[in-house]
Amino acid sequence: MGGAITVSANNTTSQQIRRLWNEVSSFEDGPSMEKLCYPPHFTFAIYEKIEMELLAQTVRRVFEKQEPLSVSFESIGHFDVSPMVLWASPGDASRLLELHNEIHSLIDPAGCHEHYRPASWVPHCTLGTGIQDPFRDDALAFAARVKLPFEVVFDRADWIAFPPVEVVGTHELGSDKNS
């Protein structure tokens with residue numbers, strides 16, 4: 001079974017990202033992010049095969065003392081693939097990179113998807129994954145018009161299974177709550 005480690009925004013600050021999801025979906029065949037049924041998030045690691053208990057232990061260890069992460073998004077980027085991917089870029093990603101490195105110090109990165117390994121990972125909050133080629137220029141023009149900066153608070157670390165996305169367990173940042 002595939003698995004991943006994320007931090008997600010489960011509060012009203014996530015509305016700015018959700019609004020952008022809705023706007024970006026006009027360049028897609030369907031709303032790629034809403035279809036996930038999962039809140040705005042950063043994905044730190046994706047594994048094609050991994051034991052859920054190892055993910056749980058790693059999340060608990062890395063995030064046990066972590067307060068909610070307040071992230072200021074300062075630009076909109078894209079991955080130049082087909083279909084194109086638009087994403088919100090944090091202005092200061094230093095804490096995200098530290099957390100990413102901590103995760104990969106506990107789980108061998110060789111088993112991680114290549115784009116999520118150390119030195120390859122780009123901290124980003126995805127806005128849309130299915131932007132079709134005919135809408136590429138319109139999507140990039142839209143990205144240039146997004147009002148920036150805006151701030152989102154990421155308040156939960158999750159370990160998830162997929163496909164489809166299923167939250168296996170969570171750790172509320174800034175608390176002792178685990179499930």
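Notes on the structure follow. The model shown is predicted, which means the values in this text are computed figures rather than measured ones. (Residues numbered from 1 in each chain as written. Predicted model: local features only at pLDDT ≥ 70, side-chain atom pairs only at ≥ 80, totals over all residues. Heavy atoms only, no water.)

1. Quick notes on helix H2 (residues 52-63)
The test is simple: Strands are runs of DSSP state E lasting at least 2 residues, helices are runs of H or I lasting at least 4, and numbering of each runs from the N terminus. To estimate how far a helix should extend, the number of its residues minus one is multiplied by 1.5 Å. Burial classes follow relative accessibility: with a 1.4 Å probe on protein chains only, a residue under 20% of its type's maximum area counts as buried, one over 50% as exposed, and anything between as partly exposed. What the arc measures is the spread of directions leading from the helix axis to the C-beta atoms. When checking whether two residues touch, look at their non-hydrogen atoms; a contact exists if any pair is within 4.5 Å.
If you check H2, its first and last C-alpha atoms are 16 Å apart, about what 12 residues at 1.5 Å a residue would give, namely 16 Å. Those residues of H2 that fall on the buried side of the exposure criterion are Met52, Leu55, Ala56, Thr58, Val59, Val62 and Phe63. Along the long axis of H2, the arc covered by the buried residues comes to 165°, so they all point the same way. Along its buried surface, H2 packs onto strand S1 (2-8), strand S2 (41-47), helix H3 (94-106), strand S7 (156-162) and strand S8 (166-172).

2. Focus on the environment of Ser25
One can find Ser25 in the loop between helix H1 (15-24) and S2. Looking at Ser25, the relative accessible area reads 16%, which means it is buried. Distance from Ser25 to Leu127, taken between C-alpha atoms, is 8.5 Å for residues 102 residues apart in sequence.

3. Observations regarding the pairing of strand S3 (residues 69-79)
For clarity, the cut-off: DSSP bridges decide pairing: two strands pair if at least two such bridges lie between them.
In this structure, S3 lies alongside strand S6 (residues 150-154), joined through five bridges in antiparallel fashion. Bridge pairing in S6 places Ser70 opposite Val153. Once S3 ends, the chain turns through four residues before running back antiparallel as strand S4 (residues 84-90).

4. Topic: the pattern of salt bridges
For clarity, the cut-off: We count a salt bridge whenever a side-chain nitrogen from Lys or Arg sits within 4 Å of a carboxyl oxygen from Asp or Glu.
In total, this model carries seven salt bridges according to the counting rule given. A salt bridge links Glu53 to Arg60; the nearest nitrogen and oxygen atoms lie 4.0 Å apart. The class for Arg60 is partly exposed, based on a relative accessible area of 32%. The partner of Asp80 in a salt bridge is Arg136, and the shortest N-O contact between them spans 1.8 Å. Of the two residues, Asp80 sits in the loop between S3 and S4 while Arg136 sits in helix H4 (residues 136-145), which places them 56 residues apart along the sequence. According to the relative accessible area criterion, Asp80 is exposed, its value standing at 60%. Residues joined by salt bridges that share partners form a network here, namely Asp80, Asp133 and Arg136.

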